[in-house]
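Report on the structure
Read off the chains here:
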Amino acid sequence: NAGVMQNPRHLVRRRGQEARLRCSPMKGHSHVYWYRQLPEEGLKFMVYLQKENIIDESGMPKERFSAEFPKEGPSILRIQQVVRGDSAAYFCASLGLAAGNEQFFGPGTRLTVL
Amino acid sequence: SQQGEEDPQALSIQEGENATMNCSYKTSINNLQWYRQNSGRGLVHLILIRSNEREKHSGRLRVTLDTSKKSSSLLITASRAADTASYFCATDAVETSGSRLTFGEGTQLTVNP
């Protein structure tokens, strides 16, 4: 049973470009969480999604950021018109109903904005 | 201080010694979890302790939870150089939806061989 998959692992973008980060949850998991980690800091919650629904996006900036979790395929975190301050590690976690509230984290995508 | 705050920020010990890290939080929780992160890598789940539990063990790890003081501690016994990493506590608060986690800033543990 593969764990949470994220790709790409590293992403370099120039200011103003778009970044697309993908997350495939563990098999059978229908809850996905995105977190952002700035250098030398802890993880900060961004958004919580279930299949085809955004449940809680209170941690996500109102502009330039969007997330989706379609019926088929991975969850996507999309950052438009990236700025240097978006440089961070973005982690995805998934949760299954039988998991006892343990979130399983992916390896992260490290975004560098030049 | 913010929800899920660890202390100390950094801890340096010799191999074989015990390492104790503390975490304080502010709101009522469903559970508290500890994670390890090696430099530049992802998070590894260590242990989950529920709000009605007081102590939990897993190998060389011992976690305590005191809900009256809103605090938790992680003890690593007989530390090894491979335990060098950042350790984060994360709370699943009652007031927030769907098990989202609130992380502290972490404790950087260095175990010297």
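Small disclaimer: the values here were computed from a predicted structure and weren't measured. (Residues numbered from 1 in each chain as written. Chains lettered and ligands numbered in written order. Predicted model: local features only at pLDDT ≥ 70, side-chain atom pairs only at ≥ 80, totals over all residues. Heavy atoms only, no water.)

1. Remarks on the overall build of chain B
When its secondary structure is counted, chain B shows 0 helices and 11 strands. Taking 113 residues into account, the globule formula puts the C-alpha radius of gyration at 13 Å, and chain B, at 13 Å, falls close to it. Expressed as lengths along the three principal axes of its C-alpha atoms, the size of chain B is roughly 45 × 30 × 20 Å. Sequence separation of at least 24 residues holds for 55% of the intrachain contacts in chain B that already meet a minimum separation of 6. By element, 43% of the accessible surface of chain B is carried by carbon and sulfur atoms, the whole surface being about 5100 Å². Taking the average place of the 12 positive charges on the side chains of chain B and the average place of its 12 negative ones, the gap between the two points comes to 5 Å. (Helix = DSSP H or I, 4+ residues; strand = E, 2+ residues; numbered from the N terminus. Rg over C-alpha atoms; globule rule 2.2 N^0.38 Å. Contact = heavy atoms within 4.5 Å. Areas by Shrake-Rupley, 256 points an atom, 1.4 Å probe, with all protein chains shown as cover. Lys, Arg positive; Asp, Glu negative; His and termini not counted. Charge placed at Lys NZ, Arg CZ, Asp CG, Glu CD.)

2. What about the nonpolar core?
One finds A:W34, A:M46, A:L77 and A:Y90 to be the most contacted residues of the largest nonpolar core, which totals 23 residues. At the level of elements, β3 (19-24), β4 (31-37), β5 (43-50), β7 (65-68), β8 (75-79), β9 (88-95) and β11 (109-113) of chain A are the ones that each hand at least two residues to this core. Of all hydrophobic cores here, the second largest spans 21 residues; its members include B:L32, B:W34, B:L46 and B:L65. (Core = buried A, V, L, I, M, F, W, Y, C linked by side-chain atoms within 4.5 Å. Buried < 20%, exposed > 50% of the residue type's maximum accessible area, 1.4 Å probe, protein only.)

3. Notes on the environment of A:E18
All names here are of chain A. Of note, E18 is situated in the loop between β2 (10-13) and β3. Note: C-alpha distance between E18 and N7 (11 residues apart in sequence) is 15 Å. With near-sequence residues (within four places) excluded, E18 lies in contact with R13, R78, I79, Q80 and Q81. Among the polar contacts made by the side chain of E18, one reaches the side chain of R20 at a distance of 2.9 Å. For E18, the side chain forms a polar contact with the side chain of R78, separated by 2.9 Å. (Polar contact = N/O pair within 3.5 Å; in protein donor to acceptor, adjacent residues only side chain to side chain.)

4. What about the interface of chain A and chain B?
With 22 residues of chain A in contact, the opposing surface of chain B contributes 22 residues. Inspection of the chain A/chain B interface yields 2 salt bridges. With a shortest N-O distance of 3.2 Å, B:R100 and A:D56 are connected by a salt bridge. One can count 8 residue pairs in polar contact (both at pLDDT 80 or more) joining chain A with chain B. Sorting the residues of the side of chain A that touches chain B by element identifies β4, β5 and β9 of chain A as the ones contributing at least two each. Per-element tally for the side of chain A that touches chain B: the top contributor is β5(A), with 4 residues. Classifying every residue of the side of chain A that touches chain B by side-chain character gives 9 nonpolar, 7 polar and 6 charged. (Salt bridge = Lys/Arg side-chain N within 4 Å of Asp/Glu carboxyl O. Nonpolar A, V, L, I, M, F, W, Y, C, P; charged D, E, K, R; others polar.)

5. Details of the sheet that holds strand β1 (residues 5-7) of chain B
Residues and elements named next belong to chain B. Sheet architecture is open: 5 strands sit in the order β1-β3-β8-β7-β6, paired in antiparallel fashion. With partners counted over all chains shown, the strands left at the sheet margins are β1 and β6 (55-58), one partner each. Across the sheet, the mean angle from the axis of one strand to that of its neighbour is 20°, orientation sign disregarded. Both strand β3 (residues 19-24) and strand β8 (residues 71-76) contribute to a ladder of 6 bridges, which runs antiparallel. (Pairing = 2+ DSSP bridges. Axes fitted to C-alpha atoms, helices over the stretch in contact; angles between N-to-C directions.)

6. So, the pattern of salt bridges
All names here are of chain A. Inspection of every chain in the model, using the stated rule, returns 8 salt bridges over all chains. For the salt bridge of R20 with E18, the shortest nitrogen-to-oxygen distance reads 2.9 Å. Assessed through its relative accessible area of 36%, R20 is described here as partly exposed. As a salt-bridge pair, E18 and R78 come within 2.9 Å of each other at their nearest N and O atoms. Taken together, the positions of E18 in the loop between β2 and β3 and R78 in strand β8 put the pair 60 residues apart, joining distant regions of the chain. E18 sits in the partly exposed class, given a relative accessible area of 29%. Assessed through its relative accessible area of 27%, R78 is described here as partly exposed.

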